[in-house]
Amino acid sequence: MFIRSNGALRRLQAMLTGLGLLTTIAATAVAHEGHDHGAPPPAAVTTNNPRVTAQSDAYELVGILRGDRLGLYLDRFASNEPVTDAKMAVTVGGDEEVQAEAAADGTYTVTSPKFAGEGPLELIFAVTAPGGDDLLIGTLQLPAKAVAAAPAPARGSPLQVLQNTPTVRLGSIEVATPYVIAGVALALGFLLGLVARSRRRLVPVTGLALVLLAVSTAYAFAHEGHDHGADAAKAAFPAGDTPRRLPDGTVFAPKPSQRLLNVRTTLTKPEEAQKAVSLIGRVIADPNRSGLVQSINGGRIIAPETGLPRLGQAVRKGDVLALVEQAVPQADRTTLSERVGEIEQEIAVAETKLKRVRQLSDRGVAPPSQVTDAETELEGLRRRREIVRQTRIEPEVLLAPIDGTIAAARVVPGQVVASQDIVFQIVDPKGLWVEALVYGEIDPAKVTGASAIAVDGTPLKLTFQGFSKTLQQQATVVQLAVESPPGNLSVGSPVTVFAQNGASVRDIIMPRDAVVRGANGEAVVWRHTDPERFEARPVRTEPFDATRLVIRAGVAEGERIVIRGSELINQIR
């Protein structure tokens, strides 16, 4: 801008000075009260009852004051397991020693008149337990006594107006907002006067000043966008002692809730392990401890006198399971009838011959040997007739081939079965195998150990039996025996097999129950940071066996990680 006179230059300098003043006020209003938007501190936990906490390498203690009684929760530091067999002497305030009383629920109770005071109260806990003795020190912050509130000034009184007036801090001086606005208005009036005497080129500068004035006024009246009435109401009602998720994402779980959820932890440390590969498998029966019951010729099923066996019934080798009435074709029936007729004719001739020979023998004409020959011939003909008759009407008997349990029964009385149809399947529940498919992940000959997980999460310990030398569906079949199979394991159930191929690694190994899924789907573990606080840690894992995982990243050595109850902590909101 071209300035023709010193007067115009002075007016421009005055306007720039006013503009700088407006900018300073606006910046002060925006960043009042020492605002610093850096990393927020950990979220504070507000509870209804005062607490005292203390930790050592052996124990962790939390005391909760309810009235004049201090309830103590003593746990092992590494495992979070309650210590219920300890004796505890508590020194209150440095001069009063009280013996803690053990309760039936595994807690301890201390009573002292000093708990009715206010301010910090130092406590020393002398723990004597079979697991080791220790000395814990903590401070119980007693609440201040309630003070009667002064009568509120009348609405609109000068005192109330002064107390409720928002303020703006300018450096080290706190100034009421109306005075700041008055100063801004004065500066604005001075600028408007200069604008009226200047050229139109100064109009944009005046517009900018008005914008800055509006911004500073808005921040002066409603700094931080806060509603202080709502904040006061929130502060008046603490959140209580219930488990909840804090604003920083951590979880506050009081010690009583931890006892109820049976939360357990462990101190992480690297271990030597063998790398495992996950395979898809299914449960099969042990070939030497299972059997099938089939009909050789087929026919109609007939129930024995004891009835057909039911599913799950225990049977022994040789027990009669069912009868099969054989189906004889019409031509065979005719042949059999003719043959029976021929045999009956021969029997009649033999009977007549035997009668004649006996008469001659009685008279001494025929020797006794002829009588014996005739009787033998007659007996043979009668036996042939019975065999032919049984061939036509005698059913096939189905017997149990082994001792075991009926795993499958596919017939009912009167049902017609064909030859080689499976009528019953018998399985020994203590002899089960797992058959898995290997698609080149590992060499089956180098499998050193294996385990599996059933559909319901039951872990299975496996013993390698062998593998096929031919491919089935482009995979090698590996068979493994289940050691001490559970009673709910069924043939045909799918399982996930973890086979170890001998490759050794060194890392942190943890139970599978320690890893849960976070809200975004990533795998997390819960770190026990404080006696009543837990923090979620994203981790990267690899399978190790049926019950454990290898933690590749996300957890350092020596951290306390939840290994039982993590799923319940993960659900706290």
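We now turn to the structure provided with this report. Everything quoted here is computed from the prediction, not taken from an experiment.

## Section: the overall build of the protein
Part 1: Looking only at helices and strands, one finds 9 helices and 34 strands in the protein.
Part 2: Evaluated residue by residue, the protein yields a buried proportion of 38% over its 573 residues.
Part 3: When contacts within the protein are restricted to residue pairs at least 6 apart in sequence, long-range pairs at least 24 apart make up 69% of them.
Part 4: As displayed, the protein has an accessible area near 32,900 Å², and 54% of this comes from carbon and sulfur atoms.

## Let's talk about a nonpolar patch on the surface
Part 1: A contiguous nonpolar surface patch, about 230 Å² in accessible area, is contributed by V320, V397 and L399.
Part 2: The exposure class assigned to L399 is partly exposed, which follows from its relative accessible area of 45%.

## Brief notes about the nonpolar core
Part 1: Counting 26 residues, the largest nonpolar core has L70, L72, L74, M88, F115, L123 and F125 as its most contacted members.
Part 2: For this core, the secondary-structure elements that each account for two or more residues are β1 (51-55), β2 (59-66), β3 (69-76), β4 (87-92), β7 (108-111), β8 (119-128) and β9 (134-142).
Part 3: Considering each element in turn, this core owes the most residues, 4 residues, to β8.
Part 4: With residues near it in sequence (within four places) discarded, F115 still touches L65, D68, L70, V92, V110, L121, L123, L140 and L142.
Part 5: Among the nonpolar cores identified, the runner-up in size contains 23 residues, and A285, V434, A454 and V482 belong to it.

## Quick word on the sheet that holds strand β22 (residues 416-417)
Part 1: Read across the sheet, 4 strands follow the order β20-β19-β17-β22 without closing on themselves; strand pairing throughout is antiparallel. Lying at the two open borders of the sheet, with one neighbouring strand each, are β20 (396-399) and β22.

## A look at the sheet that holds β1
Part 1: Taken in spatial order, the 5 strands make up an open sheet running β1-β2-β3-β7-β6, and their pairing is antiparallel. The open sheet is flanked by β1 and β6 (101-102), the only strands paired with a single partner.
Part 2: Summarising the sheet, β1 and β2 pair through 5 bridges and their orientation is antiparallel. Within β2, the residue paired with Q55 across the bridge is E60.

## Details of the side chain of K255
Part 1: Within the secondary structure layout, K255 lies in helix α6 (residues 255-261).
Part 2: The buried category is assigned to K255, whose relative accessible area is 0%.
Part 3: Of the polar contacts made by the side chain of K255, one reaches the side chain of E60; its length is 2.9 Å.
Part 4: A polar side-chain atom of K255 sits 2.8 Å from a polar atom in the side chain of N80.
Part 5: Discounting chain neighbours no more than four positions away, the residues touching K255 are E60, V62, Y73, D75, N80, H528, P531 and E532.

## Digging into the packing of aromatic side chains
Aromatic rings considered in pairs are described by the distance between their centres and by the relative angle of their planes.
Part 1: Scanning the model with the defined rule gives 1 aromatic pair in all.
Part 2: Relative to F467, the ring of F464 lies with its centre 6.3 Å away and its plane at 40°, an arrangement referred to as tilted.
Part 3: The class for F467 is partly exposed, based on a relative accessible area of 29%.
Part 4: The cationic tip of R560 hangs over the ring face of F77; the distance from NZ or CZ to the ring centre is 4.1 Å.

## Things to note about the pairing of strand β19 (residues 320-325)
Part 1: Alignment of strand β17 (residues 299-302) against β19, held across 3 bridges, turns out to be antiparallel. Each bridged residue has a counterpart across the sheet, and for R300 the counterpart in β19 is E325.
Part 2: Across 4 bridges, the pairing between β19 and β20 is antiparallel. Bridging from a neighbouring strand, V320 pairs with L399 of β20.

Basis of the calculations
- Residues numbered from 1 in each chain as written.
- Predicted model: local features only at pLDDT ≥ 70, side-chain atom pairs only at ≥ 80, totals over all residues.
- Heavy atoms only, no water.
- Helix = DSSP H or I, 4+ residues; strand = E, 2+ residues; numbered from the N terminus.
- Buried < 20%, exposed > 50% of the residue type's maximum accessible area, 1.4 Å probe, protein only.
- Contact = heavy atoms within 4.5 Å.
- Areas by Shrake-Rupley, 256 points an atom, 1.4 Å probe, with all protein chains shown as cover.
- Patch = residues over 30% accessible without salt bridge, like charges linked within 9 Å, V, L, I, M, F, W, Y side chains within 5 Å.
- Salt bridge = Lys/Arg side-chain N within 4 Å of Asp/Glu carboxyl O.
- Core = buried A, V, L, I, M, F, W, Y, C linked by side-chain atoms within 4.5 Å.
- Pairing = 2+ DSSP bridges.
- Polar contact = N/O pair within 3.5 Å; in protein donor to acceptor, adjacent residues only side chain to side chain.
- Phe/Tyr/Trp six-rings, centres within 6.5 Å; stacked < 30°, edge-to-face > 60°.
- Lys NZ or Arg CZ within 6 Å of the ring centre and 35° of its normal.

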